[in-house]
Amino acid sequence: VTDIPRVVPCPEDDDFMTAFDRILSESMLQRNQESVKPQTDIVIPMNIKGGNKKVQTIPTAFLEPKIEEQKNTINFVLMTRKGNKQQFKSLEVPLMSDLAQNLKDREKAERAE
Amino acid sequence: EEDEEDQYYAKDLPDHACKYCGIHDPGCVVQCNVCKRWFCNGRGNTSGSHVINHLVRAKHKEVTLHKDGPLGETVLECYSCGCRNVFVLGFIPAKADSVVVLLCRQPCAAQSSLKDMNWDPEQWKPLINDRTFLTWLVKVPQEQEQLRARQITAQQINKLEELWKENVDATFQDLEKPGVDEEPQQVLLRYEDGYQYQNIFGPLVKMEADYDKKLKESQTQDNIEVRWDIGLNKKIIAYFTIAKSDTDMRLMHGDELRLRYLGELHKPWSGVGHVIKIPDNYSEEVGIEMKTNLGVPSECTSNFVVDFVWKSTSFDRMQAALRKFAVDETCVSAYIYHKLLGHEVEDVILRCQLPKHFSAPNLPELNRSQVYAVKHSLQRPLSLIQGPPGTGKTVTSATIVYHLMRQSNGPVLVCAPSNIAVDQLTEKIHRTGLKVIRLCAKSREAINSPVSFLALHNQIRNMEGHSELHKLQQLKDETGELSSSDEKRYRMLKKACEKELLEAADVICCTCVGAGDPRLARFKFHSILIDESMQATEPECMVPVVLGAKQLVLVGDHCQLGPVVMCKKAARAGFSQSLFERLVVLGIRPLRLEVQYRMHPQLSKFPSNFFYEGSLQNGVYADERKMEGVDFPWPQPDKPMFFYACQGQEEIAGSGTSYLNRTEASLVEKLTTRFLKSGLKPEQIGVITPYEGQRAYLVQYMQYNGSLHAKLYQEIEVASVDAFQGREKDLIIMSCVRSNEHQGIGFLNDPRRLNVALTRARYGIIIVGNPKVLSKQPLWNHLLTFYKENKVLVEGPLNNLKESMIQFSKPRKLVN
Ligand SMILES: [Zn+2]
Ligand SMILES: [Zn+2]
Ligand SMILES: [Zn+2]
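Let me sum up the structure you'll find in this document. Values in this document were obtained by computation on a predicted structure and should not be read as measured data.

## Topic: the overall build of chain B
Here comes step 1: Each helix and strand counted, chain B has 25 helices and 33 strands in total.
Here comes step 2: For chain B, the proportion of its 816 residues judged to be buried stands at 58%.
Here comes step 3: Across chain B, contacts joining residues at least 24 apart in sequence account for 70% of those joining residues at least 6 apart.
Here comes step 4: By element, 49% of the accessible surface of chain B is carried by carbon and sulfur atoms, the whole surface being about 35,700 Å².

Following this line, the structure appears as structure tokens:
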């Protein structure tokens, strides 16, 4: 019982994997057939942008792309929308994730310039 | 450790605990927006996290994060368009800031949509990775936690999801309850009431439906090349070839297939069409007529995928019929109700004026047993008519319908399980001068039949007046589509016309399942005749019956093929027994039509003795079944039949799922060529073979290796026994391919199938097979012995056929 949980292959699991692939491709296809008008500009409010960080609604800590060495994560802000009202939520993204890696690469590139 | 697990469940779990494993850390769980259940983002021992398992299996696609999780209560949706389908959502980061938004892949995250310079569409990353939500969005429970939680297997997950479809409150504990994994309840001979009837047949219908669904959905085939064409009705038709096998379900006209384009030459596309052509002796191609011409990538020819679209319609209609039979006491007369349930009911003779002449206008005069059957069915509320092959079953049925119509005021409903049988009967009834409507499924309207002109959708086109409808129809035919307001108007007008026509009809003909068509929902039919009723499952038969049956005539022959039931579990529970058969077992004596007009008397001998207790009389003389001018070396000139012994090897066909036998194929070709040379026409010949592999091989082989023009062979019908049921050919050549001791479809084992195979021919029959292998089976041993005794078990070259000296054991006593 102390073993780590690992995949037990069985027909039901195979069916699940097939069904997963299907739902994925069906969903994509469905999107192509729907007529959706995307919003073209997604504005990041100035107070969230790099320089101006002193906003009351969001704790400062969220906005600093500060690397917390011990936790191996980096803080992002997830921007969501309720009606027309923007909302901001702090998101801890692991350093090893693509998202964090890309950000770091970009920063490195900017510094190099 | 087990204690620890028990303790875990002893506590009452909060609502937001994973419904599979019980984990309830708010950061690890999400709620399904559709069913409101919570699931964790741990995999346990499956290939995806629990929440993904649920979403995929339940086809739910939207979720919300827990309020106590790091992000608080958050509905996952596209920032831009609000789309909530998690399977198309992903993250996209701002170029310069550590800000992310959720966007759907299409169209919001697409390059062209994001004009905003702040965002980098190339960085879009899906929300679901490796069949788990991104772990920094929804945490994965610690390993320790997962091990302590309930260890649920994929099988159990599957079962739980199935249970939820019937009972939303089902829990893991219900899985252990008896009944979940057990065999279904067996069908009975007698039922207490309609509820018990429904309680037994309902689950069987569901079982068969589930099996059928699984089968269809697992049949996706890729790398399909498509050839495009345009039909007479201007609709686009796609032709392509797919691999087929014996055990898979059969592809039929009207089935739905979905084509998807995966190539690069066109944006992704998918479209649905109805099958209008299946593989036949002309080509192996399948043809589907697309539902709409819009957006069809007809410039592309490769990189397509074919999915089989499963439809629940027929099963839904059966379930509805069972329900109606249980709860609606006006759906059938009390007599029919009790009779069908197997109760003792006193005989009833209907007061009716019997016609002076029993034969109907423009139909052949009836013989004695036919007249008796007609008379009996007019006087009784319930009759069974058994029509052995060639005994004029269709004419008798049409005559009964004619008189039923003349006696009653309302219209008569005429059904059969297969479209072919319905068409044959429709044609005969039409000849009597009655006003007949053939009601087709919408998906089959494009398919031609000899009675197309009687089809409701065609009769509407030919209706007098109704100029607005006709104009719209014309516009639709020409352009393919109507504007939405025109379409609405068109449908309304069409509906009114349909109603008008149906109400004025004397007889309405459709398949059993077709009787559940909403267009008939408000009709009551007191008189109902069901032909080929032994080929329908009970619930299928009930679809027409519950439309008001007071006088019911079931026509069939329980000695011929029964219904096709794909799910073995359901078949074992008795689902493949027809209503006709059960009523016979209950002691209702079927009226047997006794004179056969099809077969040469020598050909009817074995079937009559073996399947009909020797009761089949011949209505034709040997002289009338002599092939005039055809020079063929029959081993016994007065017996146009023989068993052609052949030791050819069977082999696995190219598809890997069927069998073929090259030696038999070459003998079949030689026989066919000989007959063609001696003046027989291709359409007089039918080649029967049980295996799809052999069918495809034979078609090819004859066309390429036959010494005559390929076109001649092309016109010869090569098909399975089942495809020949209800029909006849002058000459039948049967290729057995192999003995069927281990394989699934039970072709050579089923006496009823052999009966059908042996009774299709009018003038002559030749069976090509390996007697040594076949004689091991009692049934075939009987047949081989009969052929041997008649000195028509032969071998050698066609010009020098010699009696085979092969020895096989005496047949064991066989209980038929
Ligand atoms: Zn759900
Ligand atoms: Zn779980
Ligand atoms: Zn969107």
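## Overview of the sheet that holds strand E16 (residues 382–386) of chain B
Residue and element names in this part refer to chain B.
Here comes step 1: With parallel pairing, the seven strands of this open sheet are ordered in space as E18-E19-E17-E20-E21-E16-E22. In this open sheet, the two strands that pair with only one neighbour each are strand E18 (436–438) and strand E22 (591–592).
Here comes step 2: Relative to strand E21 (residues 551–556), E16 runs parallel, the two being bridged by five bridges. Note on E21: the bridge partner recorded for isoleucine 385 is valine 555.

## Overview of the interface of chain A and chain B
Here comes step 1: Counting residues at the interface gives 61 residues for chain A and 67 residues for chain B.
Here comes step 2: Regarding the contact of chain A and chain B, the summed buried area is about 5,800 Å², with carbon and sulfur atoms giving 61% of it.
Here comes step 3: Interface area lost by chain A to chain B is led by Phe16(A), Arg31(A) and Ile42(A), which between them contribute 12%.
Here comes step 4: Viewed at the interface, chain B and chain A are joined by one salt bridge.
Here comes step 5: Lys214(B) serves as the salt-bridge partner of Asp15(A), at 3.6 Å between the closest nitrogen and oxygen.
Here comes step 6: Where chain A meets chain B, there are 13 residue pairs in polar contact (both at pLDDT 80 or more).
Here comes step 7: Of all elements in the fold, only helix H1 (11–33), strand E2 (73–82), strand E3 (85–94) and helix H3 (98–112) of chain A reach the threshold of two or more residues within the side of chain A that touches chain B.
Here comes step 8: Per-element tally for the side of chain A that touches chain B: the top contributor is H1(A), with 19 residues.

## Regarding the coordination of the zinc ion (ligand 3)
Residue and element names in this part refer to chain B.
Here comes step 1: Donor atoms from the polypeptide that coordinate the zinc ion (ligand 3) comprise Cys78 (SG), Cys81 (SG), Cys104 (SG) and Cys108 (SG), at 2.2 to 2.3 Å from the metal.
Here comes step 2: Motif for the zinc ion (ligand 3), donor spacing along one chain: C-x2-C-x22-C-x3-C. Within this pair, whereas cysteine 78 is found in the loop between strand E3 (63–65) and strand E4 (89–93), its partner cysteine 108 is found in the loop between strand E5 (99–104) and strand E6 (125–126), the two being separated by 30 residues in sequence. The exposure classification of cysteine 78 matches that of cysteine 108, with both residues buried.

## Describing the pairing of E3(A)
Residue and element names in this part refer to chain A.
Here comes step 1: Bridge analysis of E2 against E3 gives 10 bridges, and the strand direction is antiparallel. Bridge pairing in E3 links lysine 82 to lysine 85.
Here comes step 2: Where E2 folds back on E3, the antiparallel hairpin that results is connected by two residues, among which glycine 83 adopts a positive phi of roughly 65°.

## Some points on the packing of helix H19 (residues 662–677) of chain B against helix H20 (residues 692–705) of chain B
Residues and elements named next belong to chain B.
Here comes step 1: Packing of H19 against H20 brings their axes to within 10 Å, and their N-to-C directions diverge by 50°. With respect to H20, the axis of H19 lies oblique. For the pair H19 and H20, the sense of crossing is right-handed. Two secondary-structure elements touch here, H19 through Arg662, Glu664, Ala665, Ser666, Val668, Glu669 and Thr672 and H20 through Gln694, Tyr697, Leu698, Tyr701, Met702 and Asn705.

## Focus: helix H14 (residues 484–504) of chain B
One turn of an α-helix holds 3.6 residues; hence residues three or four places apart share an orientation.
Residue and element names in this part refer to chain B.
Here comes step 1: The end-to-end C-alpha distance of H14 is 30 Å, a good match for the 30 Å that 21 residues give at a rise of 1.5 Å each.
Here comes step 2: Of the positions making up H14, those classed as buried are Glu487, Tyr490, Leu493, Lys494, Cys497, Glu498, Leu501 and Leu502. Taken end-on, H14 shows its buried residues confined to a sector of 165°, consistent with a single buried face. In this structure, H14 carries Lys488, Lys495 and Glu503 as exposed residues pointing more than 90 degrees from its buried face.
Here comes step 3: Here the buried face of H14 lies against E18, helix H12 (456–461), helix H13 (467–479) and strand E19 (507–511).

## Details of the side chain of Glu669(B)
Residue and element names in this part refer to chain B.
Here comes step 1: Along the chain, the position of glutamate 669 falls in helix H19.
Here comes step 2: One buried charged residue, glutamate 669, forms no salt bridge at all, with the nearest opposite charge on lysine 670 at 5.2 Å.
Here comes step 3: In this view, glutamate 669 contacts Tyr701, Met702, Asn705, Gly706, Ser707 and Tyr713; residues no more than four positions away in its chain are not counted.

## Brief notes about the packing of helix H9 (residues 368–379) of chain B against helix H10 (residues 393–407) of chain B
Residues and elements named next belong to chain B.
Here comes step 1: Following both chains from N to C, one finds H9 and H10 inclined at 35°, their axes separated by 10 Å at the closest point. Once H9 is placed against H10, the crossing between them reads as right-handed. Contacts from Gln370, Ala373, Val374, Ser377 and Leu378 of H9 reach H10 at Thr396, Thr399, Ile400, His403, Leu404 and Gln407.
Here comes step 2: Taken together, the residues of the contact of H9 with H10 sort by class into five nonpolar, six polar and no charged.

## A look at the packing of aromatic side chains
Residue and element names in this part refer to chain B.
Here comes step 1: Scanning all chains against the criterion turns up 31 aromatic pairs over all chains.
Here comes step 2: With a centroid separation of 4.9 Å and 40° between ring planes, the pair formed by phenylalanine 91 and tryptophan 136 is classed as tilted. Here phenylalanine 91, found in strand E4, pairs with tryptophan 136, found in the loop between strand E8 (132–133) and helix H3 (143–148); they are 45 residues apart in sequence, far enough to count as distant. For the pair shown, phenylalanine 91 and tryptophan 136 are each scored as buried.
Here comes step 3: Ring geometry for phenylalanine 632 and phenylalanine 675: centres 4.1 Å apart, planes at 10°, overall stacked. One end of the pair, phenylalanine 632, is in the loop between strand E24 (617–618) and strand E25 (641–645); the other, phenylalanine 675, is in helix H19, with 43 residues separating them in the sequence. Phenylalanine 675 carries the same exposure label as phenylalanine 632, and that label is buried.
Here comes step 4: For the cation-ring pair, arginine 37 lies above tryptophan 164, with the distance from its terminal atom to the ring centre recorded as 3.9 Å.

Calculation rules
Residues numbered from 1 in each chain as written. Chains lettered and ligands numbered in written order. Predicted model: local features only at pLDDT ≥ 70, side-chain atom pairs only at ≥ 80, totals over all residues. Heavy atoms only, no water. Helix = DSSP H or I, 4+ residues; strand = E, 2+ residues; numbered from the N terminus. Buried < 20%, exposed > 50% of the residue type's maximum accessible area, 1.4 Å probe, protein only. Contact = heavy atoms within 4.5 Å. Areas by Shrake-Rupley, 256 points an atom, 1.4 Å probe, with all protein chains shown as cover. Pairing = 2+ DSSP bridges. Buried area = accessible area lost by both parts, 1.4 Å probe. Salt bridge = Lys/Arg side-chain N within 4 Å of Asp/Glu carboxyl O. Polar contact = N/O pair within 3.5 Å; in protein donor to acceptor, adjacent residues only side chain to side chain. Donors = N, O, S within 2.8 Å, 3.2 Å for Na, K, Ca; no water. Axes fitted to C-alpha atoms, helices over the stretch in contact; angles between N-to-C directions. Parallel < 35°, antiparallel > 145°, perpendicular 65-115°, else oblique. Left-handed = near helix turned anticlockwise from the far one by under 90°. Expected span 1.5 Å × (residues − 1). Arc of directions from axis to C-beta. Lys, Arg positive; Asp, Glu negative; His and termini not counted. Nonpolar A, V, L, I, M, F, W, Y, C, P; charged D, E, K, R; others polar. Phe/Tyr/Trp six-rings, centres within 6.5 Å; stacked < 30°, edge-to-face > 60°. Lys NZ or Arg CZ within 6 Å of the ring centre and 35° of its normal.

As far as function goes, none of this settles anything; it's purely spatial.
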